[in-house]
There are 8 protein chains.
Amino acid sequence: MNKDEIKNLLECVKNNKVNIEEALEKLEDLPFKDLGFAKIDNHREIRVGYPEVIYCEGKTVDQVRDIVKFMITKNNNILGTRATEEMYNAVKEICEEAEYNKLGRTITIKKKEQLLTDSYIAIVAAGTSDLPVVEEAYETAKILGNRVERIIDVGVAGIHRLFSRLDDIRGAKVVIVIAGMEGALASVIGGLVDKPVIAVPTSVGYGANFGGISALLSMLNSCASGVSVVNIDNGFGAAYNASIINKL
Amino acid sequence: MNKDEIKNLLECVKNNKVNIEEALEKLEDLPFKDLGFAKIDNHREIRVGYPEVIYCEGKTVDQVRDIVKFMITKNNNILGTRATEEMYNAVKEICEEAEYNKLGRTITIKKKEQLLTDSYIAIVAAGTSDLPVVEEAYETAKILGNRVERIIDVGVAGIHRLFSRLDDIRGAKVVIVIAGMEGALASVIGGLVDKPVIAVPTSVGYGANFGGISALLSMLNSCASGVSVVNIDNGFGAAYNASIINKL
Amino acid sequence: MNKDEIKNLLECVKNNKVNIEEALEKLEDLPFKDLGFAKIDNHREIRVGYPEVIYCEGKTVDQVRDIVKFMITKNNNILGTRATEEMYNAVKEICEEAEYNKLGRTITIKKKEQLLTDSYIAIVAAGTSDLPVVEEAYETAKILGNRVERIIDVGVAGIHRLFSRLDDIRGAKVVIVIAGMEGALASVIGGLVDKPVIAVPTSVGYGANFGGISALLSMLNSCASGVSVVNIDNGFGAAYNASIINKL
Amino acid sequence: MNKDEIKNLLECVKNNKVNIEEALEKLEDLPFKDLGFAKIDNHREIRVGYPEVIYCEGKTVDQVRDIVKFMITKNNNILGTRATEEMYNAVKEICEEAEYNKLGRTITIKKKEQLLTDSYIAIVAAGTSDLPVVEEAYETAKILGNRVERIIDVGVAGIHRLFSRLDDIRGAKVVIVIAGMEGALASVIGGLVDKPVIAVPTSVGYGANFGGISALLSMLNSCASGVSVVNIDNGFGAAYNASIINKL
Amino acid sequence: MNKDEIKNLLECVKNNKVNIEEALEKLEDLPFKDLGFAKIDNHREIRVGYPEVIYCEGKTVDQVRDIVKFMITKNNNILGTRATEEMYNAVKEICEEAEYNKLGRTITIKKKEQLLTDSYIAIVAAGTSDLPVVEEAYETAKILGNRVERIIDVGVAGIHRLFSRLDDIRGAKVVIVIAGMEGALASVIGGLVDKPVIAVPTSVGYGANFGGISALLSMLNSCASGVSVVNIDNGFGAAYNASIINKL
Amino acid sequence: MNKDEIKNLLECVKNNKVNIEEALEKLEDLPFKDLGFAKIDNHREIRVGYPEVIYCEGKTVDQVRDIVKFMITKNNNILGTRATEEMYNAVKEICEEAEYNKLGRTITIKKKEQLLTDSYIAIVAAGTSDLPVVEEAYETAKILGNRVERIIDVGVAGIHRLFSRLDDIRGAKVVIVIAGMEGALASVIGGLVDKPVIAVPTSVGYGANFGGISALLSMLNSCASGVSVVNIDNGFGAAYNASIINKL
Amino acid sequence: MNKDEIKNLLECVKNNKVNIEEALEKLEDLPFKDLGFAKIDNHREIRVGYPEVIYCEGKTVDQVRDIVKFMITKNNNILGTRATEEMYNAVKEICEEAEYNKLGRTITIKKKEQLLTDSYIAIVAAGTSDLPVVEEAYETAKILGNRVERIIDVGVAGIHRLFSRLDDIRGAKVVIVIAGMEGALASVIGGLVDKPVIAVPTSVGYGANFGGISALLSMLNSCASGVSVVNIDNGFGAAYNASIINKL
Amino acid sequence: MNKDEIKNLLECVKNNKVNIEEALEKLEDLPFKDLGFAKIDNHREIRVGYPEVIYCEGKTVDQVRDIVKFMITKNNNILGTRATEEMYNAVKEICEEAEYNKLGRTITIKKKEQLLTDSYIAIVAAGTSDLPVVEEAYETAKILGNRVERIIDVGVAGIHRLFSRLDDIRGAKVVIVIAGMEGALASVIGGLVDKPVIAVPTSVGYGANFGGISALLSMLNSCASGVSVVNIDNGFGAAYNASIINKL
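Residues numbered from 1 in each chain as written. Chains lettered and ligands numbered in written order. Predicted model: local features only at pLDDT ≥ 70, side-chain atom pairs only at ≥ 80, totals over all residues. Heavy atoms only, no water.

- For chain A, an unreviewed UniProt entry supplies the name NCAIR mutase-like protein and the organism Clostridium saccharobutylicum DSM 13864.

Have a look at this one:
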């Protein structure tokens, strides 16, 4: 409700076209509506094809199933992250279309078809042990309606493998780089492409890796300029971010 | 040099249109040219208006002046970050157009006019003490050819000030959020806009702030999904990143 | 035993109303009684309705049951924190009234009715995964005799939900804010209320959350002024603290 | 502006007692006023005697003087923290009443007399090297209108000194404990009083003290229950917090 | 073999009382014997009653039993630390006298009686959860031939309990203080006794305790002067150390 | 394919000995071959006796077996590190020659005999609890074709044992030092030999050992000059490194 | 005042040898005197020759001079640690006997002669850069009345130098080991002597030394059993501790 | 003195060719000589051309000059690291040949010519800000008698520059990689060469670089196998290490 609408309402009140009770009701909502709060609250659901997201970690199997049960009544697509196989089985019982990505630990439910974007997100990963994060990012990006290209096992210790896939990486509108250990891949790719690079450190490694801190610090200190970073193992966050950029 | 070009060259060799020495010379360059290395190397300069960047920290005044001296022969725009006033004075002597942003510690030299983007980057900051980082980001974004909007002093401790500027923030194509202390601003804005948010933790604060770690961890752990993070105080990196996105 | 009492005693000795052995005995206790040590030692139990507290973590089921067995002879209310269900079952066998809060992992035994405070403590939490800490705080505050109001799932990523509950938060005499991840909620609420805010960082989150350090640092560095902090996941400590303030 | 006031305004519009432009102007403020934002924004100044606060660290002498210049037009009391002597001298020139606490590094300007609270805040400190934080807390508490009692040099290494002041500590409504090194004082006092204890770790110490982390961790892990913690060296925050509690 | 002995040997060679081969053999051992290496190597076993020590953590049950099997042939007392009950059972089968301290996780085998020291070691602990470390220290000190006094549950949160045991603490020749959480007990006792205090931080606590770092830092930063520190949970090391001092 | 080979090919094309399609195919590989990428990629396998390495941690039993199945077709030697016994059993079924080192957790498959180096690698370890890392290093060094000498249990707490083995250590061409706790052994040996010393910190220890950080920092800060360090517990990396040096 | 003295006093009261006012006055001090608090408070000064200690860091030159001025009236010996040369000069003006140890940064004032202990403290240091800590320990030990032996520059990188001084080290009653970098010296000496070893990590070193943490962790994790640790660079604390032990 | 020499000596004693006093004197040195301690002690100086090394940091100008004064009497080459220009000037006065590398902060004095190795050490660095460490390593390697090749400014952000120098890197016998920020260069080179790679993290960078920890962790966690690491900024250590390997 903008200034003109309020003015208009006041004139209606003055001219008895709207009675005071009605006007009062409309104005009471003002703070939220005008500030766009309601829009924020609902903006995800109302855009066609946007999924509802459940972060399953720390929830019980029953809780996850109940949340899904409620959500499917709204007929939206649904994404569950960090889901166990047991959770999936419980969800499967109440929803035939549910699918499970075992590596990525995601449950996806497609209620509506989505138009895919023309441009694509490239998900590039250093090693096979980064695959769980790759898959979480992949499922997230797909259910958000993006075309996605996975480019796996191109770590810098065998850099020629990376070069052989360079065209696929450069063709993307936004690049997600997933790497553990020393996370050097983000810097190397950051120097080779001129697209936004979202780096995901993974907790892969051992010894002084400290559950991903090594890769996290590497990526934050990247000598290449177009690199930003999300939390350790946060494939979902990277893909969500990439999706916003891919749809700009 | 693509497949067809190589084929063509080979036919020229066969037909004696090109002699073997000439062909050899061309093929020798192949690895770099074909892989696009040269393109990478030069891609910044060849796009009109892209500046050359000098990271001045740790360099002597003489070194900075000499680098600028060499660069201005190429007639590109130039951006020096982390520059002292003394460096600026030395540069000013050899280059009249040089300008200095004292807070942001940047030297900028505009040799060419740039077309500005239609869309703009919003730079949002929590407090006045974050201004040095704001200004570094601002100068970077501008010389990279972006329209920029600064929205300062909207920290979460007085959240109504943030709301009064919400439209300006939402109007941007990409948002840079700069905050020190507990860095909560990134999460709050991340929950209010549906554009990519690039968060810059600053070293502002005291006590258990640890030179910006507090804000850095906050931003990496943001409960809002569209937020990615660059290094502490890295206004340049955030703006470079934002510029890539803004020009997609 | 204050100065006058000692003087009186000495006079009794002088006047043979008290013999030396008796006087000696009384004076021997002096250091403790006079310094109020005994008062300290007993001050919790003697105030009506104050519970005895057992920190169950690291104790065996048998130990917990035995401690309870001993305590119930004193007819006080009892609070066990960090208790497993197995512990509860053992306690239940010897004490019918024992109740268990599964999420909060508390055992409570009410032997006496308490008068509730007029003013209330608001317990505000960012997300559903903070619930275990919420419940520990809730049970603690209640058995300490406070009115309590829980306001859940008002994290800053959807800030309008917080605003819709603002009146309830502002109505409290003291506010406990429980949040994990980046803990921004403490700063936002600290800026919106003028009551003491006790912040509890939780270990909820993943990646660079480091078991709650991220939220802990955020809260310590809060840009809002009325915020103090207790240990990670320490719902009991926050509620104990809040109760002292609420009863001032 | 509450519901009744809006209703009233609408009736005035209807009855032509207020014209539309005037009504519009009033309603435009609605989002802020209704949500109480304005109250928040202004709540500090409007309560009699509440000072304006300037955090001087990182500001230039000119900036501090200019901010004070502006503030004194509003005739409020003013508190500047982390102020250098040079800043004070600049302020003194434009404001005769300005006073400087050299140890505490505070500038205070009293424009209005305040009623002092009946109850008092006890500020207890372990050693003489904690005095700068003590004085910052002291000046803050005083200008906020509290009676304050300082109890210095009662560190646990000579615990009898602490006991000789125990009555003064117990007499307070809220206790601020300031300690560096191992910060044990907070736990000892926490076990001796039944008032809220706000602990301030200081950066006093050397070696593995790490700028106050040692004391900070001690205080967060206090085995005594009524202790909450503010940031390292944050005397202002502790006093602000204590003042809120003292005025409940 | 000292200088005189070598001289003597040489004279025997000269006088044909010892042939060259024999002399050679004796001199070959020289480096070790003369430097006292052998003494070092054997110094623990040769002193009457000194036990052999096995650090069981990380060893298999079979390994522990085999080591004990070998050791008992030498007829020394034996101390196994960090031993599981399963290890004890295996040892018990081959050695009737073996005893197990379940809390302290020690196996002790007494083959020889020891004279106890006149002076005693006081082991003082803050809380019941520190008991495993107390018991490890206790068993170690005892099998090393010391009189030991345990003083438990005298944490600083109820400081009068500590005072009631002060005489027992002051009577010791050396004091071991064991405390987790904020480890304040070491400082308080350090200020109350003029005997060497060996502080053992324990990993007891939660949240920002970080597995004992909180107590470790506290103790290293103790404001009392006679305190030195051993590793977290290292009851054995503290008792070994105390025993050396107790026997000076 | 070097310059001469390309020249030759071009002449063949010119002389119709090679048709254009064939030449094109060969040249298409050029970027990799010429840059030596292929050599890199294949350099390990083509040198006689070099094993293929599988890092088994984080892989499923099936994955490990399938990788081995594929590898044995190439008839190379194979080394699997961080392998469980279950993995070994699965591999054993498809490959009779597979051997398992239980302590070192390695699977080795010898398909070809290797010539051993004349010079040897000394693997020196402080304590028996470092044995798993010793064995991983040992198996790695052996399958890479090195003579290896293990010198165990020569920690600095009984330094004479070290001296009695000094000749064996000094006889090596390169020395691997493996130590946990305080890692002092690396410095002591670094001061006693003039060969390259590769230090491996192990996670052995407890308390403030922090999973090997204590030893890692010690080794990085070694006061002896010829010491370089690999990651915590990284026996494989140390041996791989040592093997490169041993074969120089 | 012990039980007999109180009894005696009471009898004096009864017999009118002491009037009630006088008795009251004496008994009022009871809590402190009886608990031995006064003894604690004064125990340092009353033992002959015990110095008063001033920790000068963070104090102004004037403060140090004033404290000394007051202290010398009591005719005790005085030790000032962490004193600047400027402080010394100010003290020198008011006290001729004051001496300054430039390296150790100590001021010492000898008012009384002390009997030296028969046994001695050995102060052993790894390198010349550890000398400031050595000298602080040395001056402290001396003014506390101990014979002291300094054994410098015997770091483990040239271990034969250590062995050539071994007799001097073993002859001591207690050994202080001072080392930076990797602090290995503490473990080596701990394995060579059977006296209490007090280890002082120093902040000497660079890179991943982290201001002494490397040596601190090394010493805490020492594989030798008789080693306890004081804070980084804390030469005073080590010597104070050693003095207590040396005088047992 | 080996077994045969001792045998011979004994025979000389027997045959009166050597008297007992002389024999005694020789045997007294035995422990050191036989164990090779003396060799260790002297091994650096006696090999032709090996320099004496002074670590100048923390020494005064006078100390450095005096040490040099003493050393030049032995006519060896001398290397001073971490030397200030002022130190150099003082040294220059007493020794004409002294040379100073301003960037590398080294003083070198060549008294003897050295034969250079045939093989060379490659020193590869990521950026110009790593030059101080490069130069320290370079001067160290040279005065130790190695051929050295510097390859600068080949950071991974512009990876084609690295490839254009690959032959020079591969031609070396051992490679030193020096890099700050994220230190990715070590991994990339580790994957491209099959020579030992010694990685030196530098403190170059800002924000979450933490004085080189970011690069240090990266290098320790390198996904390429032939990489070992020395301390942050430790160019001397890397070159010393490389020299040992280069001379194998």
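A closer look at the overall build of chain A
Line of reasoning, step 1. Across its full length, chain A carries 12 helices and nine strands.
Line of reasoning, step 2. The 248 residues of chain A split such that 60% are buried.
Line of reasoning, step 3. Sequence separation of 24 or more characterises 68% of the internal contacts of chain A that already satisfy a separation of 6 or more.
Line of reasoning, step 4. Of the roughly 9400 Å² of accessible surface on chain A, a fraction of 47% belongs to carbon and sulfur atoms. (Helix = DSSP H or I, 4+ residues; strand = E, 2+ residues; numbered from the N terminus. Buried < 20%, exposed > 50% of the residue type's maximum accessible area, 1.4 Å probe, protein only. Contact = heavy atoms within 4.5 Å. Areas by Shrake-Rupley, 256 points an atom, 1.4 Å probe, with all protein chains shown as cover.)

Section: the domain arrangement of chain A
Residues and elements named next belong to chain A.
Line of reasoning, step 1. Split into domains, chain A comes out as domain 1 (31-109) and domain 2 (117-247).
Line of reasoning, step 2. Every contact between the two is made by 16 residues of domain 1 and, on the other side, 14 residues of domain 2.
Line of reasoning, step 3. Taken together, the links from domain 1 to domain 2 amount to one salt bridge.
Line of reasoning, step 4. Inspection of the region where domain 1 meets domain 2 yields four residue pairs in polar contact (both at pLDDT 80 or more).
Line of reasoning, step 5. Elements with a contribution of two residues or more to the side of domain 1 that touches domain 2: β2 (78-81) and β4 (106-109).
Line of reasoning, step 6. Split by residue class, the side of domain 1 that touches domain 2 holds seven nonpolar, seven polar and two charged. (Domains from an automatic or database assignment. Salt bridge = Lys/Arg side-chain N within 4 Å of Asp/Glu carboxyl O. Polar contact = N/O pair within 3.5 Å; in protein donor to acceptor, adjacent residues only side chain to side chain. Nonpolar A, V, L, I, M, F, W, Y, C, P; charged D, E, K, R; others polar.)

Observations concerning the relation of the copies chain B and chain C
Line of reasoning, step 1. Here chain B sits on chain C after a turn of 179 degrees about the axis and a move of 0.0 Å along it, with an RMSD of 0.1 Å. Such values leave the two copies arranged in the relation of a two-fold axis. Closest approach to the rotation axis among the C-alpha atoms of chain B is made by Ala184(B), whose C-alpha sits 2.3 Å away.
Line of reasoning, step 2. Same-surface contact between copies: 100% of interface residues of chain B are shared with the interface of chain C. (Least-squares fit on C-alpha atoms with pLDDT ≥ 70 in both.)

Structural notes on the side chain of Asn77(G)
Line of reasoning, step 1. With respect to the helices and strands, the residue Asn77(G) is situated in the loop between α5 (61-72) and β2 (78-81).
Line of reasoning, step 2. Within polar-contact distance, the side chain of Asn77(G) engages the backbone nitrogen of Lys111(G) at 2.5 Å.

Observations regarding the relation of the copies chain A and chain B
Line of reasoning, step 1. Rotating chain A by 180 degrees and translating it 0.0 Å along the rotation axis places it on chain B, where the RMSD comes to 0.2 Å.
Line of reasoning, step 2. Both copies share a contact surface, since 100% of the interface residues of chain A are interface residues in chain B too.

Some remarks on the sheet that holds β2(A)
Residues and elements named next belong to chain A.
Line of reasoning, step 1. The mixed open sheet is built from four strands, whose spatial order is β1-β2-β4-β3. Looking at which strands have only one partner, the edges of the open sheet turn out to be β1 (52-55) and β3 (99-101). Averaged over all pairs of adjacent strands, the angle between their axes in this sheet comes to 15 degrees, without regard to strand direction.
Line of reasoning, step 2. The pairing of β2 with β4 spans three bridges and is classified as antiparallel. Bridge pairing links Leu79 to Thr108 in β4.
Line of reasoning, step 3. Each of β2, β3 and β4 touches helix α7 (residues 131-143); the most contacted strand, β4, lies at about 15 degrees to it. (Pairing = 2+ DSSP bridges. Axes fitted to C-alpha atoms, helices over the stretch in contact; angles between N-to-C directions.)

Examining the interface of chain A and chain B
Line of reasoning, step 1. At the junction of the two partners, chain A supplies 32 residues and chain B supplies 32 residues.
Line of reasoning, step 2. For the pair chain A and chain B, the summed buried area comes to about 2800 Å², and 62% of that belongs to carbon and sulfur atoms.
Line of reasoning, step 3. Considering only the side of chain A, the residues that lose the most area to chain B are Leu220(A), Ser225(A) and Leu248(A), jointly responsible for 20% of the buried surface there.
Line of reasoning, step 4. Seen at the junction of chain A and chain B, the total is zero salt bridges.
Line of reasoning, step 5. Connecting chain A to chain B are nine residue pairs in polar contact (both at pLDDT 80 or more).
Line of reasoning, step 6. Listed by contribution, the elements that provide at least two residues to the side of chain A that touches chain B are α4 (37-46), α9 (166-170), α10 (184-192), α11 (213-220), β9 (227-229) and α12 (235-246) of chain A. (Buried area = accessible area lost by both parts, 1.4 Å probe.)

Observations concerning the interface of chain B and chain C
Line of reasoning, step 1. Listed by partner, the interface residues are 24 residues for chain B and 24 residues for chain C.
Line of reasoning, step 2. Linking chain B with chain C are zero salt bridges.
Line of reasoning, step 3. Counting every contact that joins chain B to chain C gives 10 residue pairs in polar contact (both at pLDDT 80 or more).
Line of reasoning, step 4. Going through the elements one at a time, α8 (159-164), α10 (184-192) and α11 (213-220) of chain B are the ones with two or more residues in the side of chain B that touches chain C.
Line of reasoning, step 5. Broken down by class, the residue content of the side of chain B that touches chain C amounts to 16 nonpolar, seven polar and one charged.

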